[in-house]
Amino acid sequence: MKKKLIAGNWKMNGSLAANERLLRAILAELGQPACQVAVAVPSAYLAQCQALLAGSVIDLAAQDVSAQEGGAFTGEISAVMLKDFAVRYAIVGHSERRQYHGESDETVALKAQRALSSGITPIVCVGETLAEREAGRTDEVVKRQLAAVIHANGHCVSEIVVAYEPVWAIGTGKTASPEQAQQVHAVLRAQLKAASSSADRIKLLYGGSMNATNAASLLAQPDIDGGLIGGAALKAPDFLTIIATAA
Ligand code: PEP
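Being a predicted model, the structure only gives us computed values, none of them experimental.

Undergrad: It is not clear to me how the site of the ligand should be interpreted in this structure. Could you clarify?
TA: By nearness alone, 14 residues border the ligand, and Lys-11, Glu-165, Gly-171, Ser-209 and Gly-230 come closest of all. A distance of 3.2 Å separates an oxygen atom of the ligand from a polar side-chain atom of Asn-9. Side-chain polar atom of Glu-165 to an oxygen atom of the ligand: 2.8 Å apart, as the coordinates give it. For the ligand, whose unbound accessible area comes to 290 Å², protein coverage reaches 95%. Split into classes, the residues belonging to the shell around the ligand amount to 4 nonpolar, 8 polar and 2 charged.

Structure, rendered in structure tokens:
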């Protein structure tokens, strides 16, 4: 059976002292989890977190990766650079990147491609806004976002992770109901199946105000293979509870 993946997204939070406290608190209680675990840390702290996580079961993840290979792109961080810090996953197309940095579906697809060609697994985020959901456009939006990544990555698509993150549920305390989330995950699974004979092994994560209380019912859905967790990943007890739920 496919192991679930619980990935924390720290966003632009943390400090040298806070990161050390948080990771030490998690590692002290983690033991041998039944699921895979990763933390996506701010790039400034990759080296620190790589050292803190060395020899542990927690994988290091980046929150973004450049669509460019290298060169005159001030402020950008390439996939090859991330690989220097033993980064295993890179989030691409998070709604905050799409919204505040104008990332298009094509840019996100290119980022996924750069990650894959450096041996980094992209966690491709898709999700609709509240207005799109209310207009009945959820399936159309998430399928368009995923189609760009499928188109650009061909047979490598079986190597990606997909995170369904309804924009209206991120950081708002509003969670998609397990049924709402499962319905979209089933749509995404069918799309991946049409694109790849290995689609069953692709992990589909849910993200959007997942917490220690609602994780069990979300993770019990047949097409939900884990979670991408923002706020609750910054609190060791909550993150540990979610991990323990993902057996
Ligand atoms: C996220 O940032 O990907 C996320 C899901 O955040 P939160 O859990 O805080 O809604």
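Past the structure itself, the notes keep going.
Undergrad: Looking at this structure, how should I read the sheet that holds strand β4 (residues 87-92)?
TA: Spatially, β1-β2-β3-β4-β5-β6-β7-β8 is the arrangement adopted by the 8 strands of the closed barrel, whose pairing is parallel. Strand after strand, the sheet turns through a mean of 25 degrees between neighbouring axes, direction not considered. Sheet topology places strand β3 (residues 58-62) next to β4; 3 bridges connect them, and they run parallel. Its bridge partner lying in β4, Ala-62 is registered against Ala-90. Relative to β3, helix α2 (residues 46-53) is tilted by about 170 degrees, and along the sheet it contacts β2 (36-41), β3 and β4. Contacting β5 (121-126), β6 (161-164) and β7 (203-207), helix α8 (residues 178-195) crosses the sheet at an angle of about 150 degrees to β7.

Undergrad: It is not clear to me how the environment of Ala-79 should be interpreted in this structure. Could you clarify?
TA: Residue placement: Ala-79 occurs in helix α3 (residues 79-83). Overall, Ala-79 belongs to the buried group, its relative accessible area being 4%. Other than its neighbours up to four places away in sequence, Ala-79 contacts Val-65, Arg-114, Ala-115, Ser-118 and Ile-120.

Undergrad: Please explain the side chain of Glu-132 as it appears in this structure.
TA: With respect to the secondary-structure elements, Glu-132 resides in helix α6 (residues 130-134). Arg-137 provides the closest opposite charge to the buried, salt-bridge-free Glu-132, at an N-O distance of 4.3 Å. At 2.8 Å, the side chain of Glu-132 and the backbone nitrogen of Thr-129 are in polar contact. For Glu-132, the residues in contact, after removing those within four places along its chain, are Gly-127, Arg-137, Thr-138 and Val-141.

What counts and what doesn't
Residues numbered from 1 in each chain as written. Predicted model: local features only at pLDDT ≥ 70, side-chain atom pairs only at ≥ 80, totals over all residues. Heavy atoms only, no water. Near = heavy atom within 4 Å. Polar contact = N/O pair within 3.5 Å; in protein donor to acceptor, adjacent residues only side chain to side chain. Areas by Shrake-Rupley, 256 points an atom, 1.4 Å probe, with all protein chains shown as cover. Nonpolar A, V, L, I, M, F, W, Y, C, P; charged D, E, K, R; others polar. Pairing = 2+ DSSP bridges. Helix = DSSP H or I, 4+ residues; strand = E, 2+ residues; numbered from the N terminus. Axes fitted to C-alpha atoms, helices over the stretch in contact; angles between N-to-C directions. Contact = heavy atoms within 4.5 Å. Buried < 20%, exposed > 50% of the residue type's maximum accessible area, 1.4 Å probe, protein only. Lys, Arg positive; Asp, Glu negative; His and termini not counted. Salt bridge = Lys/Arg side-chain N within 4 Å of Asp/Glu carboxyl O.

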